[in-house]
Amino acid sequence: MSIRLGDIAPDFEQDSSAGRIRFHEWLGDSWGVLFSHPADFTPVCTTELGFTAKLKEEFAKRNVKAIALSVDPVESHLKWIGDIEETQDVQVDFPILADADRKVSGLYDLIHPNANDTLTVRSLFIVDPNKKVRLIITYPASTGRNFHEILRVIDSLQLTDHYKVATPANWQDGEEVVIVPSLQDPDELKQRFPKGFRAVKPYLRLTPQPNR
């Protein structure tokens, strides 16, 4: 099954390190970051889950819940969490799905046979409160994810959902944003962007970031 941006994230019920998870119910009105890792007790994944735990406050500020996944069983997850907490000096308080029957892996197309026909790839999905998929990134197993980029995308999505703007290349929270080309009415421009804007080209207009 192929998932595309704008699709409703497939709902599922699956065991996890925190008990049985009904995904849409668990997500509630929060944003979600669902990310898969190839296997427990692996070095890159250990650092990734440790860093995710360190981002607890950053995710909370953005109303984001994190949930990880591999095809290992709950018992393996629980033992591995001990290693993560010891080596990364964190407390892991988000669930890790135990997708031993590969039900969720099938729904989210997480097993790529040409990479590995048994283990899940390093994929990540951002899901909004309407349960729509807003970002999909898949990394090779040898490359750990850039979670600063994940936060940056969430900041961009939450900003652009509420204002008629887009975020330019390498944008960081607080920097100038781009006014969408479809907005042309002068009165509406003044109303929406009281700080004004600078037109580099008619289609490229930059304005201070509105308050989120």
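For the structure itself, look to the data block above.
No experiment lies behind these values; they were computed from the predicted model shown. (Residues numbered from 1 in each chain as written. Predicted model: local features only at pLDDT ≥ 70, side-chain atom pairs only at ≥ 80, totals over all residues. Heavy atoms only, no water.)

Looking now at the pattern of salt bridges. The full count for this structure, using the stated rule, is 15 salt bridges. We note a salt bridge from Arg-62 to Glu-58, for which the minimum N-O separation is 2.7 Å. The partly exposed category is assigned to Glu-58, whose relative accessible area is 26%. A network of salt bridges, in which partner residues are shared, links Glu-13, Asp-15, Arg-20 and Arg-22. (Salt bridge = Lys/Arg side-chain N within 4 Å of Asp/Glu carboxyl O. Buried < 20%, exposed > 50% of the residue type's maximum accessible area, 1.4 Å probe, protein only.)

Hydrogen bonding along the main chain pairs the strands of a sheet, whether they run parallel or antiparallel. An order of 5-4-3-6-7 is seen for the 5 strands of this open sheet, with the pairing classed as mixed. The open sheet has two free edges, formed respectively by strand 5 (96-98) and strand 7 (133-139), since each of these has just one partner strand. With direction set aside, neighbouring strand axes in the sheet form an average angle of 20 degrees. The pairing of strand 3 (residues 31-36) with strand 4 (residues 64-70) spans 6 bridges and is classified as parallel. Bridging across to strand 4, Phe-35 finds its partner in Ala-68. Where helix 2 (residues 43-54) meets the sheet, it contacts strand 3, strand 4, strand 5 and strand 6 (122-127), and its direction lies at approximately 20 degrees from that of strand 6. (Pairing = 2+ DSSP bridges. Helix = DSSP H or I, 4+ residues; strand = E, 2+ residues; numbered from the N terminus. Axes fitted to C-alpha atoms, helices over the stretch in contact; angles between N-to-C directions. Contact = heavy atoms within 4.5 Å.)

In this section: the pairing of strand 7. In regular strands, side chains alternate between the two faces of the sheet. Across 6 bridges, the pairing between strand 6 and strand 7 is antiparallel. Along strand 7, the bridge assignment pairs Arg-122 with Tyr-139. Hairpin connection between strand 6 and strand 7: a loop of 5 residues separates the two successive antiparallel strands, and Lys-131 in this loop has a positive phi of roughly 70 degrees.

This brings us to the sheet that holds strand 11 (residues 204-207). Overall, antiparallel pairing links the 4 strands, which are arranged 8-9-11-10 in an open sheet. What marks the edges here is a single partner per strand, and that holds for strand 8 (165-166) and strand 10 (198-201). Pairing geometry for strand 9 (residues 177-179) and strand 11, over 2 bridges, is antiparallel. Bridge pairing in strand 11 places Val-178 opposite Leu-206.

On to helix 2. Compared with an ideal rise of 1.5 Å per residue, which puts 12 residues at 16 Å, helix 2 spans 17 Å between its outermost C-alpha atoms and is within 8% of the ideal. Taken as a whole, helix 2 has its buried residues at Cys-45, Thr-46, Glu-48, Leu-49, Gly-50, Thr-52 and Ala-53. (Expected span 1.5 Å × (residues − 1).)

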